[in-house]
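Summary of the model geometry
Next come the chains, spelled out residue by residue.
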Amino acid sequence: MVNVAVLISGGGTNLQALIDACADKSFPARIALVISNNPGVKGLERAEKAGIPTKVINHRDYKSREEFDDKLHEALLESGTELICLAGFMRILDTRFVNRWKNKILNIHPSLLPSFKGLHTQERALEAGVRFTGCTVHFVNPELDDGPIIIQAAVAINPDDDADTLAAKVLTQEHIIYPQALRLVAEGRTQVDGSRVIIRDANYATQKIINPIPE
Ligand code: GRF
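Here goes a summary of the coordinates provided.

Procedures and definitions
- Residues numbered from 1 in each chain as written.
- Predicted model: local features only at pLDDT ≥ 70, side-chain atom pairs only at ≥ 80, totals over all residues.
- Heavy atoms only, no water.
- Salt bridge = Lys/Arg side-chain N within 4 Å of Asp/Glu carboxyl O.
- Helix = DSSP H or I, 4+ residues; strand = E, 2+ residues; numbered from the N terminus.
- Buried < 20%, exposed > 50% of the residue type's maximum accessible area, 1.4 Å probe, protein only.
- Core = buried A, V, L, I, M, F, W, Y, C linked by side-chain atoms within 4.5 Å.
- Contact = heavy atoms within 4.5 Å.
- Pairing = 2+ DSSP bridges.
- Axes fitted to C-alpha atoms, helices over the stretch in contact; angles between N-to-C directions.
- Patch = residues over 30% accessible without salt bridge, like charges linked within 9 Å, V, L, I, M, F, W, Y side chains within 5 Å.
- Areas by Shrake-Rupley, 256 points an atom, 1.4 Å probe, with all protein chains shown as cover.
- Lys, Arg positive; Asp, Glu negative; His and termini not counted.
- Charge placed at Lys NZ, Arg CZ, Asp CG, Glu CD.
- Near = heavy atom within 4 Å.
- Polar contact = N/O pair within 3.5 Å; in protein donor to acceptor, adjacent residues only side chain to side chain.
- Nonpolar A, V, L, I, M, F, W, Y, C, P; charged D, E, K, R; others polar.
- Parallel < 35°, antiparallel > 145°, perpendicular 65-115°, else oblique.
- Left-handed = near helix turned anticlockwise from the far one by under 90°.

1. Some details on the pattern of salt bridges
- All chains considered together, the criterion is met by nine salt bridges.
- Two residues, glutamate 74 and lysine 71, come together in a salt bridge whose shortest N-O distance is 3.5 Å. A residue pair is termed a helical-turn pair when its members lie 3 or 4 positions apart in one helix, as glutamate 74 and lysine 71 do in helix α3 (residues 65-78) at three residues.
- Between aspartate 201 and arginine 200 there is a salt bridge, with its nearest N and O atoms 3.7 Å apart.

2. Comments concerning unusual backbone geometry
- Along the chain, leucine 113 connects to proline 114 via a cis peptide bond; the corresponding omega equals 10°.
- A positive phi is found at phenylalanine 116, a non-glycine position, where the angle reads about 55°.
- With relative accessibility at 17%, the residue phenylalanine 116 sits in the buried group.

3. Details of the nonpolar core
- Ranked by size, the top nonpolar core spans 43 residues in total, and within it Val6, Ile31, Leu106 and Ile150 carry the most contacts.
- Apart from residues no more than four positions distant in its own chain, isoleucine 150 is found in contact with Leu106, Val137, His138, Phe139, Ala181, Leu184, Val185, Thr190, Val197 and Ile199.
- Counting residues in each nonpolar core, the second largest holds 18 residues, with Leu7, Ile35, Ile105 and Val140 among its members.

4. Observations regarding the sheet that holds strand β1 (residues 2-8)
- Overall, mixed pairing links the seven strands, which are arranged β3-β2-β1-β4-β5-β6-β7 in an open sheet. Two strands bound the open sheet, and with one partner strand each, they are β3 (54-56) and β7 (149-156). Neighbouring strand axes in the sheet, compared pairwise and without regard to direction, differ in orientation by 20° on average.
- Where strand β5 (residues 105-109) meets strand β6 (residues 132-139), four bridges bridge the pair, whose relative direction is antiparallel. Note on β6: the bridge partner recorded for histidine 109 is threonine 136.

5. Thoughts on a negative patch on the surface
- Together, Glu123, Asp160, Asp162 and Asp164 make up a region of like negative charge exposed at the surface.
- Mapped onto the elements, glutamate 123 comes out in helix α5 (residues 121-128).

6. So, the site of the ligand
- The ligand sits among Gly11, Gly12, Thr13, Asn14, Gly88, Ile108, His109, Pro110, Leu171 and Glu174.
- Here a nitrogen atom of the ligand sits 3.2 Å away from a polar atom, N or O, in the main chain of isoleucine 108.
- For the ligand, the accessible surface in isolation is 370 Å², of which the surrounding protein chains cover 77%.
- Within the residue set of the shell around the ligand, elements represented by two or more residues are α1 (13-22), β5 and α6 (163-186).
- Of the residues belonging to the shell around the ligand, the class tally is three nonpolar, six polar and one charged.

7. Details of the environment of glycine 12
- Considering the arrangement of structural elements, one finds glycine 12 in the loop between β1 and α1.
- Setting aside anything within four residues of it in sequence, one finds glycine 12 in contact with Gly43 and Arg46.

8. Some words on the pairing of strand β4 (residues 83-86)
- Burial of β4 is two-sided: the residues Leu83 and Cys85 facing one way and the residues Ile84 and Leu86 facing the other way are all buried.
- Direction of pairing for β1 relative to β4: parallel, over a ladder of four bridges. Pairing of alanine 5 across the sheet is with isoleucine 84, part of β4.
- For β4 and β5, the ladder comprises three bridges, and the chain directions are parallel. Within the sheet, the bridge partner assigned to leucine 86 lies in β5 and is asparagine 107.

9. Description of the packing of α5 against α6
- At a minimum axis separation of 9 Å, α5 and α6 run at an interaxial angle of 115°. Viewed along their axes, α5 and α6 adopt a mutual orientation that is roughly perpendicular. α6 is crossed by α5, and the crossing has right-handed handedness. Facing Gln122, Glu123 and Leu126 of α5, the residues of α6 in contact are Ala163, Leu166, Ala167 and Val170.
- Looking at the contact of α5 with α6, its residues break down into five nonpolar, one polar and one charged.

Set out below in structure tokens:
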């Protein structure tokens, strides 16, 4: 059983998906701690309801990013954390922190990386006119929304989609792939090879080809 800490800043629907996955006895990870940099957010309530220890480490209380990250690091070590899941965590982690947890931090991002890093991903996907967007779970490296990709899910963009409908469709997929990715990592089936992730014993025969051209 792998001890996971989930870092959040807000609503925590991805946290909820991870909590639900961990409720299954056969899931190879358990959430040992939820940390939020914002007090009073819904995600903290979700964790408390599930009986998971929570901690608020408010970045506004620290003079520098490094000091904040050191505090995070200390709390993570204390809780016996082995893997970190960023789930709507809206702080950039400094290089020193990321290197301390190399290939131990997962992030979920609402686009098909490396497209549309950063914020306002759905607006930018619509603006760019792409036919598909989606979401990505990746290992975190010191660059923003960058690092070896573990799983992606694609979502078709329809002409009547707006940023909200698209975000909702993408979020549904996020809730599916984040637990899947965490399972693969916790089972020790992922191996980082340069910028790629090799997944052991994966059944790629189940992958489907989707035709983006409407009939
Ligand atoms: C998600 O879209 C996630 O991909 C992004 O922030 C959003 C957080 O949503 N990083 P929630 O807090 O998990 O509901």
